[in-house]
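Here are the chains, one letter per residue:
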Amino acid sequence: MAPKRIVVDVLKGETVFPPPIWMMRQAGRYLPEYRQSRVDAGGFLDLCYNPDFAVEVTLQPIRRFGFDASILFSDILVVPHALGRDLRFEEGRGPLMTPIKAEEVSQLDPGAFHVNLEAVYETVRRLRRELPEETTLLGFCGAPWTVATYMIAGHGTPDQAPARLFAYSHPEEMRALLQLLAEKSAEYLIRQIEAGADAVQIFDSWSGVLDEATFELCCVQPVAEIVRRVRAVYPDTPIIGFPKGAGSLYDTYRAKTGVTALGLDWSVPWGQARKLQSEGAVQGNLDPMRLVAGGRALDEGVEAILGELGNGPLVFNLGHGITPQTPIPHVARMVELVRKA
């Protein structure tokens, strides 16, 4: 009998205590072995597109901490890159792209999309073979809105004003861009599931900058389209939606998009979090700065989450990605606190 993958069980609504645990960005710059792999690979995109390196860095946090889930090492911007947009990463600046113009949206070329992403699919296939049987393998993509913000601005910005302005000034082109990204992202997730992913997560890191009407148009509708398309092929595969910063708009996000589970950021109040959990699994939501601080701040943060959400379906995680300055002993302490609860 194959070992249970408890993250999948929890995402489908089962309560397990202590809850399973993994971290967003768990393979990353806080690990010295990751930093060495990045040097050896020659650059960030080389790391993403070389299955040897991508498998290695995905496995590194599993070897160290034995997390219950492993998430594919890649980047949300490989999707526009596979559609023919330029992409580069500079140390200290992050991803850089040539900003897309409204008239260029119709020129995006999906013809070689899956050929361009074949290395990612090979990474997923190899990970499923090399991971422990009981470890859940997560695939992922960026939500269309968050991916579009980088395509439009060409880089990260504090409030995504360029993308918001684009949405208001060029509504037809924005709808076309979001629709194309939803269609190709769904295909991308389907291929990851086909290659061995047990569940997938949709990261909408910039959903919190929008008003209610634009949130509906740019965040809810494209993610609902992704979910619809994935479910048509893989109806039982759990899908985690993470609309960071959505605030009160979290309340209807699951019902409107159809995601299985909700990733909660650290700002979600306990009353709201418990209500959301009463409707299905939640994931989160430790403030990454508590993990950096360690000590009492970390202990109290973990205790609060377990006390408030431990009686329902919970995947313990951070409220966003782990930061590069996080001390490794603090991660070990967090894992210990959760598992000994």
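These numbers come from a predicted model, not from an experiment.

For the rest of this paragraph, the subject is the UniProt feature "binding site: substrate" (unreviewed entry) in the protein chain. Within this numbering scheme, the UniProt entry marks Arg25, Gln26, Ala27, Gly28, Arg29, Asp75, Tyr150, Ser205 and His320 as carrying the feature "binding site: substrate" (unreviewed entry). Of the annotated positions named here, the largest pocket is lined by Arg25, Gln26, Ala27, Gly28, Arg29, Asp75, Tyr150, Ser205 and His320. Among the secondary structure elements, glycine 28 is positioned in the loop between helix H1 (6-11) and helix H2 (32-41). Note on placement: serine 205 falls in the loop between strand E5 (199-204) and helix H11 (212-233).

To continue, consider the pairing of strand E4 (residues 136-142). Burial within E4 is extensive, with seven of its seven residues counted as buried. In E4, alternate side chains face the same way, and those of Thr136, Leu138, Phe140 and Gly142 on one face and Leu137, Gly139 and Cys141 on the other are all buried. Note that strand E1 (residues 69-71) and E4 share three bridges and pair parallel. Across the sheet, isoleucine 71 pairs through a bridge with leucine 138, a residue of E4.

Counting 120 residues, the largest nonpolar core has Tyr188 and Met334 as the members making the most contacts within it. Counting residues per element, this core draws most heavily on helix H10 (residues 171-195), which supplies twelve residues. Dropping the residues within four chain positions of it, methionine 334 is found in contact with Ile21, Met23, Leu286, Leu291, Leu298, Val302, Phe316 and Leu318.

Glancing now at the pattern of salt bridges. Evaluation of the coordinates by the stated rule reveals 27 salt bridges. The residue glutamate 104 makes a salt bridge to arginine 85 at a minimum N-O spacing of 3.7 Å. You can see glutamate 104 sitting in the loop between strand E3 (94-96) and helix H6 (113-116) and its partner arginine 85 sitting in the loop between helix H5 (78-82) and strand E2 (88-90), a full 19 residues away along the chain. Residue glutamate 104 is classed as partly exposed on the basis of its relative accessible area, which comes to 22%. A relative accessible area of 14% means that arginine 85 is categorised as buried. Where arginine 274 meets glutamate 308, a salt bridge forms, and the shortest distance between an N and an O atom there is 2.3 Å. A residue pair is termed long-range when its members are at least 10 positions apart, and arginine 274 in helix H13 (residues 270-278) and glutamate 308 in helix H15 (residues 295-309) qualify at 34 residues. You can call glutamate 308 partly exposed: its relative accessible area is 30%. One salt-bridge network, held together by shared partners, links Arg5, Arg128, Glu133 and Asp198.

The rules we used
Residues numbered from 1 in each chain as written. Predicted model: local features only at pLDDT ≥ 70, side-chain atom pairs only at ≥ 80, totals over all residues. Heavy atoms only, no water. UniProt positions renumbered as here; feature names shortened; annotations may be inferred. 1 Å grid on protein atoms, 1.4 Å probe; cavity = no way out; pocket = protein on both sides within 12 Å on 5 of 7 lines; lining within 4 Å. Helix = DSSP H or I, 4+ residues; strand = E, 2+ residues; numbered from the N terminus. Buried < 20%, exposed > 50% of the residue type's maximum accessible area, 1.4 Å probe, protein only. Pairing = 2+ DSSP bridges. Core = buried A, V, L, I, M, F, W, Y, C linked by side-chain atoms within 4.5 Å. Contact = heavy atoms within 4.5 Å. Salt bridge = Lys/Arg side-chain N within 4 Å of Asp/Glu carboxyl O.

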